[in-house]
Amino acid sequence: MKIRVSQLAAAAYAMALLARCASGQQAAEKRPDSAVRPIKALRFRSLWDGRKLWPDAVVIVEGDRVREVTSDARKIPPQAQVVDLTKYTGLPGLIDVHTHMTMYTDETPGVPMLKQITGTPPAVEVFLARKGALRTLESGVTTVRDLGADQYMDIAMRDLINRGEMTGPRMFVSGYGLYVTSTPYKPGLNPPAGGIADGVPEVLRAVRQQVAAGADVIKLYASTGTDDDVTGFETYTYEEIKAAVDAAHQFGKKIAIHSYGPAGARDAVRAGTDSLEHATDLDEETIAEMARRGTYYVPTIDHNRYYVENGDRIGYPPGFQDRLREFIGRNLETARRAHKAGVRFAMGSDAIYTMFGENTRELGWFVKAGMTPKEALATATTNAADLLGKGGELGSVAPGCYADLVAVDGDPLADIGAVLNRVRWVMKGGQTVVDRTQSAP
Ligand SMILES: [Zn+2]
């Protein structure tokens, strides 16, 4: 009986602390080396912690975690290394929930980027990807979800970053996305993808293979549409989609479902997907269902802007601009309707090729779609962390959270442009990874 009471008390305590990144704090308390972990005190003009604004903020960092947030400078421990960021506004490290980190391409002129993606050996690809990873950090993004890579390059990259062998954002990866045979179509000779699955038994096998390979999340392509192809024909049946969703959830994994058009989106939402990627022209019923279920919408509007501007270098055949621009319009309109209906959003750039570093430009589209800057910031912090199932460790600046922070010049709650264009300093897990405080104008 005694044991049961203390277990209950411990559970209640854990629940109470959960919202404040307590899991990390408890882990920190258990670590034997706690006496020697360095202490840093970060001073900001103000801090948006993900929920509220602190004037004259002090963030006390111990090791890789936040120990305390305060406006009282007298609380700075005497041994702390003080980092003066009092010219800037502090924010939680940002989260991009839709990337393809391993598909970074070299900018060597004359080599179409599409060809590089299909023609570069995996080891070379992962090595090149470090540049995209650095640029991602420079944009203030300290965590990404990666939704589709070949040869498990994403798993290799995630592990290299976690081991400190590569500098980059912490990654939550999906391995191979699930496709039906021959979609999405890519020009050129392509080796058979590891994620091809037709029919319920193959879908189950493919989901289990990704989990067995070490994937954190499952990705499924429920429609055509990629690169300069903006068709959105549903490719899977409802039964196949439902099987993937249930198999992912059975293993405690979340699932992200790609659909360019409304039919795949409707079935993905009905089947219980955790997030819906891209989708345009959502019907009213699907939008209402997303709001009711709390399904995250990741519209990735900005990646088509990048394709319009870079399609020639990527290697798209002529004529791509008009259909991409038309898709952007429908994408933005769908986002506007979904936001109005109370659907939750998470920021996903769909960064690929050389788009890394432009990860947060999506937030500008969200403001265009009717969000306040504060609502837009939530999509890249608290909402995104919740979608990752990491609300207890990421997306907030609070005791026990990872010490992931960004300093921007200006007031991002008044002007989202401060996040898009004026990131001056970035910390990931207690380490400064970007510092432009000296070179900034
Ligand atoms: Zn994608």
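Everything numeric here is computed off the predicted structure, so don't read it as measured data.

Of note, His-278 is situated in strand β10 (residues 275-278). Classification of His-278 as buried rests on a relative accessible area of 2%. There is a polar contact of 3.1 Å between the side chain of His-278 and the side chain of His-258. Polar contacts involving the side chain of His-278 include one to the side chain of Thr-300, which spans 2.7 Å.

A separate point is the sheet that holds strand β7 (residues 170-173). Reading across from one edge, β7-β6-β5-β12 is the order of the four strands in this open sheet, with parallel pairing throughout. Either end of the sheet is taken by a strand with one partner, and the two such strands are β7 and β12 (351-353). Ignoring which end each strand starts from, the neighbouring axes of this sheet average 30° apart. Inspection of the sheet shows strand β6 (residues 141-146) paired to β7 by four bridges, in the parallel sense. Following the sheet pairing, Arg-145 is matched in β7 by Phe-172. The strands that helix α4 (residues 122-138) touches are β5 (94-104) and β6; relative to β5, the one it contacts most, it runs at about 155°.

As a further point, take the coordination of the zinc ion. Every protein donor of the zinc ion is accounted for by His-98 (NE2), His-100 (NE2) and Asp-350 (OD), and the metal-donor separations fall at 2.1 to 2.3 Å. Site description for the zinc ion: donor spacing in sequence, H-x1-H-x249-D. Neither His-98 nor His-100 differs from the other in exposure class; each is buried.

A word on helix α11 (residues 320-340). The terminal C-alpha atoms of α11, which comprises 21 residues, lie 31 Å apart, in line with the 30 Å expected from a rise of 1.5 Å per residue. Of all the positions in α11, only Phe-320, Leu-324, Phe-327, Ile-328, Asn-331, Leu-332, Thr-334, Ala-335, Ala-338 and His-339 are classed as buried. The buried residues of α11 occupy an angular sector of 165° when projected down its axis, which confines them to one face. Among the exposed residues of α11, those oriented more than 90 degrees off its buried face are Asp-322 and Lys-340. Those residues of α11 hidden inside the fold are in contact with β10, α9 (284-293), β11 (296-298), α10 (302-314), α12 (362-368) and α13 (373-379). Of the residues trailing α11, Gly-342 is marked for its positive phi of about 90°.

To summarise the sheet geometry, strands pair through backbone hydrogen bonds and adopt either a parallel or an antiparallel arrangement. Spatially, β8-β9-β10-β11 is the arrangement adopted by the four strands of the open sheet, whose pairing is parallel. Whereas interior strands pair on both sides, the edge strands pair on one side only; in this sheet they are β8 (217-221) and β11. For this sheet, the mean angle separating the axes of adjacent strands, direction not counted, is 20°.

Let us look at the pattern of salt bridges. By the definition in use, this model includes 28 salt bridges. When the shortest N-O distance is used, the salt bridge between Arg-65 and Glu-393 registers 3.0 Å. Here Glu-393 lies in the loop between α14 (382-388) and β13 (405-408) and Arg-65 lies in strand β3 (residues 65-70), a separation of 328 residues in the sequence. We classify Arg-65 as buried; its relative accessible area is 7%. The closest approach of N and O atoms between Asp-228 and Arg-323, which form a salt bridge, is 3.1 Å. Taken together, the residues Asp-228 in the loop between β8 and α7 (238-250) and Arg-323 in helix α11 connect sequence positions 95 residues apart. With a relative accessible area of 14%, Asp-228 lands in the buried category.

This brings us to the nonpolar core. One finds Leu-220, Tyr-297 and Tyr-353 to be the most contacted residues of the largest nonpolar core, which totals 91 residues. Looking at this core element by element, the count peaks at seven residues for α11. Apart from residues lying up to four places away in sequence, Leu-220 is in contact with Leu-178, Tyr-236, Ile-241, Ala-244, Ile-255, Ala-256, Ile-257 and His-258. By size, the runner-up hydrophobic cluster in this structure holds 18 residues, among which are Val-66, Val-83, Val-397 and Ala-407.

Conventions and cut-offs
- Residues numbered from 1 in each chain as written.
- Predicted model: local features only at pLDDT ≥ 70, side-chain atom pairs only at ≥ 80, totals over all residues.
- Heavy atoms only, no water.
- Helix = DSSP H or I, 4+ residues; strand = E, 2+ residues; numbered from the N terminus.
- Buried < 20%, exposed > 50% of the residue type's maximum accessible area, 1.4 Å probe, protein only.
- Polar contact = N/O pair within 3.5 Å; in protein donor to acceptor, adjacent residues only side chain to side chain.
- Pairing = 2+ DSSP bridges.
- Axes fitted to C-alpha atoms, helices over the stretch in contact; angles between N-to-C directions.
- Contact = heavy atoms within 4.5 Å.
- Donors = N, O, S within 2.8 Å, 3.2 Å for Na, K, Ca; no water.
- Expected span 1.5 Å × (residues − 1).
- Arc of directions from axis to C-beta.
- Salt bridge = Lys/Arg side-chain N within 4 Å of Asp/Glu carboxyl O.
- Core = buried A, V, L, I, M, F, W, Y, C linked by side-chain atoms within 4.5 Å.

That's the geometry; what it means functionally is another story.
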